[in-house]
Amino acid sequence: MRRALVAANWKMNASVRAIESFAAAWREPPGSADILFCPPLGYLDRLAAALPAGRHRYGVQNVATAASGAFTGEHAPEMAADLGATHAIVGHSERRALYGETDALAAEKFAAARRAGLTPILCVGETLAERRAGQARAVVLRQVDAVLAREGAAAMAGALVAYEPVWAIGTGETAAPEAAAAVHEIIRARVGRETRLLYGGSVKADNAPALFAQANIDGALVGGASLDPLEFAAICAAAGRQDDTTR
Ligand code: PGA
């Protein structure tokens, strides 16, 4: 059985004050879903200190490939682990689009996260142009295969893959549950039964239940809606409810 996981990707959104008000409003959601907070790394400690104890854990949004050294402005996965993180997002589409990260670099970061003892969350997904050109399946498989070729199937089994169609991120335009599920099915066939597959792209409390009802959607990677403690808790609760009934 794959337990659901819901991850908050806060992107570059945080402040001391915002963390205090988030923590004051946060209540542990009911249900069994794993909950992950990925704040900007510099705020990880502060968020962990502010949140009441619960079953949530912490992740980072990106990692450097090296463990230490002369890499100004970078953060090693070992540092994230040292601060208490257990997971690392790698290959997010914003990293790919804005910072030129390639499939090979995403795979290298996946490996670096594992070296530091972090569980990687590999993001994959096609752009609107790629979808329109009928390339969604090929793009997603190419992104998954870059990691499989480097790290192997066993490493993938212990990791997570987040399918995030680029056209659905931050746009309010979620993929229809069946359309998302069709891509999840393709990824599932490639990675096997153990890897947890998350969906990401404008997930909100109101569209989450229909997404989580799909067989191969094991949770969500949530951007905008994860900045609101009540909305995010509702998404976590929806994943937990689904766990209790179908998975
Ligand atoms: P969104 O972002 O929920 O704001 O669409 C998701 C993501 O980029 O991980």
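One can find the structure itself at the top, above this paragraph.
Nothing here was measured: the structure is a model prediction, and the numbers come from that model.

Caption draft 1: Region of interest: helix H5 (residues 103–115). The end-to-end C-alpha distance of H5 is 18 Å, a good match for the 18 Å that 13 residues give at a rise of 1.5 Å each. Every buried residue of H5 is accounted for by Asp103, Ala106, Ala107, Lys109, Phe110, Ala111, Ala112 and Ala113. Where H5 is buried, its residues meet helix H3 (77–82), strand E4 (87–90), helix H4 (93–99), strand E5 (119–124), helix H7 (136–151) and helix H8 (153–157).

Caption draft 2: How the structure looks around the sheet that holds strand E7 (residues 196–200). What the eight strands build is a closed barrel, ordered E1-E2-E3-E4-E5-E6-E7-E8; its pairing is parallel. With direction set aside, neighbouring strand axes in the sheet form an average angle of 25°. As defined by bridge partners, strand E1 (residues 5–9) adjoins strand E2 (residues 34–38) across five bridges and the pair is classed as parallel. Following the sheet pairing, Ala7 is matched in E2 by Leu36. Helix-sheet contacts for H7 involve E5 and strand E6 (160–163), and the interaxial angle to E5 is about 155°.

Caption draft 3: Broad picture of the packing of aromatic side chains. All chains considered together, the criterion is met by nine aromatic pairs. An aromatic cluster of three or more residues is present, and its members are Trp10, Phe22, Trp26, Phe37, Tyr58 and Phe232.

Caption draft 4: Structural view of the packing of H7 against helix H9 (residues 177–191). Orientation of H7 relative to H9, taken along the N-to-C sense of each, is 30°, at an axis distance of 10 Å. As the angle between them shows, H7 and H9 are arranged roughly parallel. Where H7 crosses over H9, the handedness of that crossing is right-handed. Contact residues: H7 offers Arg137, Val140, Leu141, Val144, Asp145 and Leu148, while H9 offers Val183, Ile186, Ile187, Arg190 and Val191.

Each value, and the rule that gives it
Residues numbered from 1 in each chain as written. Predicted model: local features only at pLDDT ≥ 70, side-chain atom pairs only at ≥ 80, totals over all residues. Heavy atoms only, no water. Helix = DSSP H or I, 4+ residues; strand = E, 2+ residues; numbered from the N terminus. Expected span 1.5 Å × (residues − 1). Buried < 20%, exposed > 50% of the residue type's maximum accessible area, 1.4 Å probe, protein only. Contact = heavy atoms within 4.5 Å. Pairing = 2+ DSSP bridges. Axes fitted to C-alpha atoms, helices over the stretch in contact; angles between N-to-C directions. Phe/Tyr/Trp six-rings, centres within 6.5 Å; stacked < 30°, edge-to-face > 60°. Parallel < 35°, antiparallel > 145°, perpendicular 65-115°, else oblique. Left-handed = near helix turned anticlockwise from the far one by under 90°.

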